[in-house]
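Notes for the structure review
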Amino acid sequence: MTDDTGRAVIADLCRIPNPDAIDRTAYVELGGVAQFVSIRGRDARNPVLVVCHGGPALPALPSSWIWQRAVEDYFTVVNYDQRASGRSAVGAHDGMDLSVERYVDDLVELITWLQRELGVRRVGVLGHSWGTIIGITVAERRPDLLWAYIGVGQVISGPENEAESFAFAMRSAIADQNDDAVAELESLGEYPGAQPLTLERIVTCRRWAQHYGGLSAYRSESAYFTDSEALSPYYTEDEVELISVGQQVTMPQVLPALLSFDASDRTAFDVPMLQFLGRHDWTTPTPPVERWIERVSTPSTHVVWFENSAHLCMLEEPGKFVVSLVELALPHADTA
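Let's shift gears to unusual backbone geometry. Look at the link from Gly55 to Pro56: it is a cis peptide, with omega at 0°. In this fold, Pro56 is placed in the loop between β3 (48-52) and α2 (64-71).

Below, the structure is given as structure tokens:
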């Protein structure tokens, strides 16, 4: 079977032929930048759930065919490629505004557009990894727009995340008697420390944390995820290439904001909150989230532990993921 055949089979699998379904794509201008939006669901009357992807600049749509179809039975799922990400990376340039504030305003503008287009009052926002920074900020500032916020791989403190990830990698390498890994990690000095937190230092730490299951539990690599975009029915081969283009533009500007982010003191929210935590997540480690969630005040708070997951619980435990959304998020949802 060729890649083209595999992509065609997956595209046919992902078709939603029933008459009540919605399956739309559009480029929507958000903050003056055209951003690619996908809207999919088994019944257009179902509540709207916006996925705010991670990375930075790693769109969720290319791999959504692995896990999203079951979610579409209960929600109208909206994916958007953030500015300079994926199919929105056409025309991306070094001078583009890639501040956290701009990403937050983009999401607010997208929700306003969805209110008009789909006739809904509020939406759910599901943030993953980097996307949790955007999502939690919108949840704090504009609770009037949301029926719930769901954090997956929540970022609370960038500096704490780096320290926790490094400590896990070093513990694991020592226990494994992996001298090469220990030497590479020791070469980073005090981490994150006072030295500039360069991409090279971060990649070294992440490589070993992920080697020991910090991205996908019990796996030393995650090709099933990283290569899934090549079979995506939503991207051509040329559009897949745009992902790396967007990352090259985005990383130098956005990475410092991600690593310096600190929401430890942001503990009052007027919107229901769910936190989906992978027990083995050392990409966005859970200890800072655990410490934070004990102090959080919301109308309703649910914490779900995915015991056999790391950073990708929607792919690692897709059944539990959709059941958790249906049991805990759906009761808060507005219907169209």
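In spatial order, the strands read β1-β2-β4-β3-β5-β6-β7-β8; together these eight strands make up an open sheet with mixed pairing. Of all the strands in the sheet, the pair left with one neighbour each is β1 (22-30) and β8 (301-306). Between one strand and the next, the sheet's axes are offset by a mean angle of 20°, whatever the strand orientation. Where β3 and strand β5 (residues 123-128) come together, four bridges link them in parallel fashion. Looking at the pairing, Val51 lines up with Leu126 of β5.

Attention now moves to the pairing of strand β4 (residues 76-80). Along β4, five of the five residues are buried, which leaves the element largely enclosed by surrounding structure. Residues Thr76, Val78 and Tyr80 point to one face of β4 and Val77 and Asn79 to the other, with burial holding for every one of them. Here strand β2 (residues 33-41) pairs with β4 via four bridges, running antiparallel. Counterpart to Arg40 in the pairing with β4 is Val77. Pairing of β3 with β4, which is carried by four bridges, proceeds in the parallel orientation. For Leu49, the partnering residue across the bridge sits in β4 and is Val77. A crossover connection joins β3 to the parallel β4 through α2; in handedness this β-α-β unit is right-handed.

How each quantity is defined
Here the residue numbering is sequential within each chain, running from 1 through the sequence in written order. Local features in this predicted model are restricted to residues of pLDDT 70 or higher, and side-chain atom pairs are both shown and tallied only at a pLDDT of 80 or more, whereas totals for entire chains, interfaces and linings draw on every residue. To get the side-chain values, take all heavy atoms of the structure and skip hydrogens and water. Helix and strand assignments come from DSSP, with helices taken as H or I runs of at least 4 residues and strands as E runs of at least 2, each series counted from the N terminus. When DSSP locates at least two bridges between a pair of strands, those strands are taken to pair. Think of each axis as a best-fit line through the C-alpha atoms, taken over the contacting stretch in the case of a helix, with angles from 0 to 180 degrees between the N-to-C directions. For each residue, the accessible area found with a 1.4 Å probe, counting protein chains only, is set against the maximum for its type, and the residue is called buried under 20%, exposed over 50%, and partly exposed in between. Think of it like this: strands point away, you trace from the first strand over the helix to the second, and a clockwise trace means the crossover is right-handed.

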